[in-house]
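Coordinates in review
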Amino acid sequence: MVSVRHKVVVEPVPYPWLVDALAVIRTLAEESQADAQGLVLPDGRVIPDIRLIQGRHLRPGSVYLTEAEAEAEVEVEVEDDDGDADADADADADADGSGISEDAEASETVQITVREWDHRRAVRLELALVSVEMNVELDAALKSPDCPNLVEISGRAGGGATARALFGMAGRARVRLDDWWPAADTDRTPPSAPASARLDHPWIRADVRAVPRPSRDDGRWEIHVTVSLRGRGLLRPVAAVVLPVAARRIRRSVARTLDDLAAQWNNRVPHLVSMNPDQLRETLLSKP
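Rules behind the numbers
Every chain's residues receive numbers from 1 upward, in the order its sequence appears when written. Given that this is a predicted model, residues contribute local features only at a pLDDT of at least 70 and side-chain atom pairs are listed and counted only at 80 or more, while totals for whole chains, interfaces and linings are drawn from all residues. In computing side-chain properties, one takes all heavy atoms of the structure into account and sets aside hydrogens as well as water. Helix and strand assignments come from DSSP, with helices taken as H or I runs of at least 4 residues and strands as E runs of at least 2, each series counted from the N terminus. Burial classification: accessible surface area is computed with a 1.4 Å probe over protein chains only, and a residue below 20% of its type maximum counts as buried, one above 50% as exposed, and the rest as partly exposed. A contact between two residues is defined here by any heavy atoms of the two lying within 4.5 Å. Only residues whose relative accessible area exceeds 30% and that take part in no salt bridge are eligible for patches, with like-charged residues grouped when within 9 Å of each other and nonpolar side chains (Val, Leu, Ile, Met, Phe, Trp, Tyr) grouped when within 5 Å. The Shrake-Rupley method, run with a 1.4 Å probe sphere, supplies the accessible areas, and residue values consider only the shown protein chains as cover. Here a salt bridge means any side-chain nitrogen of Lys or Arg lying within 4 Å of a carboxyl oxygen belonging to Asp or Glu. In this count, Lys and Arg are taken as positive residues and Asp and Glu as negative ones, while His and the chain termini are left out. Where a charge sits is defined by one atom per residue type, namely NZ (Lys), CZ (Arg), CG (Asp) or CD (Glu). Multiplying 1.5 Å by the helix residue count minus one yields the expected span of that helix. Confidence of the predictor in every single residue is expressed as pLDDT, which spans 0 to 100. In this scheme, strands are said to pair when DSSP sees at least two bridges between them. The criterion for an aromatic pair is that two Phe, Tyr or Trp rings (for Trp, the six-membered ring) have centres within 6.5 Å, with stacked assigned to planes under 30 degrees apart, edge-to-face to planes over 60 apart and tilted to the rest.

We now examine the overall build of the chain. Along its length, the chain carries six helices and 14 strands. Looking at the chain as a whole, 30% of its 288 residues qualify as buried. For the chain, the share of sequence-separated contacts (at least 6 apart) that also reach a separation of at least 24 residues comes to 50%.

In structure tokens, the structure reads:
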């Protein structure tokens, strides 16, 4: 097993701002309308890429579908000086001679199912993404949205049947918001890490724990992250040998990734939390 401990310092998010932001998002969703033609925003604009295909808008059991064309790599015939086609050109080129494979026009779909929509109890959504490269299934729940106290996410990712057997992953994450903010703002010691996640690959398991603390210097959050890696299944004995050998490189990689995430957070969050509810609503409507 390899364990990595790293600290990042990030800009804080005031809990009242989070409550207001969630209320703005919920209100926008509830004031919108949806049907088979698309999603109609409160200002009257239509987003045709999001369609209601089952049930009534935001009622339990309602299903929404979005579709987007995905770019695929293609090979184009290149002629030499004698006018002969490259012998290595794609054999699947279209009959019209364009040299673009029939598989180039790929698309990805995202299906969103509302399992629960109650601002006092919980909002729970299921998401299923299907594309050429990967399939992803997620179940996300926010408990007590009016006074959010818990976020839970679980899911699976894989490709086709063979890819799923070899490389399929499953994971879950949990953030206890009612423990996060007391620890982040007042240095109150939580009973356990307020944020935790587990990612299971057929060969490796990764566990992540995060505990916030208030920074003594400037009011920002110090987040102490622990990442643990261990082998699974038949490769567990192999991983027990390989992971310690690669420990230094793993620690550097994890630390670099966490630092990059913190930098992105610090670049975006201050602008967001500076917005009041009206400004946030206007921003969301301007970028549907």
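Turning our attention to a positive patch on the surface. Taken together, the side chains of Arg248, Arg249, Arg252 and Arg256 present a region of like positive charge at the surface. Along the chain, Arg248 turns up in helix H5 (residues 247-273).

What follows deals with the pattern of salt bridges. Enumeration according to the criterion identifies 18 salt bridges in this entry. Across the pair Asp43 and Arg45 runs a salt bridge, and its minimum N-O distance is 2.9 Å. A relative accessible area of 41% places Asp43 in the partly exposed class. The structure contains a network of salt bridges with shared partners spanning Arg115, Arg124, Glu126 and Asp139.

Turning our attention to helix H1 (residues 15-31). End to end, H1 covers 24 Å across 17 residues, agreeing with the expected 24 Å (1.5 Å per residue, within 8%). Three or more residues of H1 are buried, namely Trp17, Leu18, Ala21, Val24, Arg26 and Leu28.

The next point concerns unusual backbone geometry. Unusually for a residue other than glycine, Leu58 sits at a positive phi of about 65°. In this structure, Asp187 is a non-glycine residue whose phi angle is positive, near 65°. Assignment of secondary structure puts Asp187 in the loop between helix H3 (177-186) and strand E12 (195-200). Relative accessible area serves as the criterion here: at 37%, Asp187 is assigned to the partly exposed category.

Moving on: the confidence of the model for the chain. Per-chain confidence: the chain averages 83 in pLDDT, with 80% of residues scoring 70 or above. Within the chain, helix H2 (residues 161-167) has the poorest average pLDDT of any element, 50, and H1 the best, 96. Low pLDDT (under 50) marks residues 70-105, which in the prediction has 31 contacts with non-local residues, meaning those over four places away or in another chain.

What follows deals with the sheet that holds strand E2 (residues 33-35). Sheet strands associate in pairs through backbone hydrogen bonding, adopting either a parallel or an antiparallel arrangement. Within the open sheet, the three strands sit side by side as E2-E3-E4. Their pairing is antiparallel. Across the chains shown, the open sheet's two edge strands, defined by having one partner strand only, are E2 and strand E4 (46-47). As paired strands, strand E3 (residues 38-40) and E4 are joined by two bridges and run antiparallel to one another. Paired with Leu39 across the two strands is Ile47, which belongs to E4.

All right, on to the packing of aromatic side chains then. According to the stated counting rule, one finds three aromatic pairs in the structure shown. Look at Trp180 and Trp221: their rings are 6.0 Å apart centre to centre, the planes differ by 70°, and that puts the pair in the edge-to-face class. Of this pair, Trp180 sits in helix H3 while Trp221 is found in strand E14 (residues 221-231), placing the two residues 41 residues apart along the sequence. With respect to burial, Trp180 and Trp221 carry one shared label: buried. Here the aromatic cluster, defined as three or more aromatic residues joined through ring pairs, consists of Tyr15, Trp180, Trp181 and Trp221.

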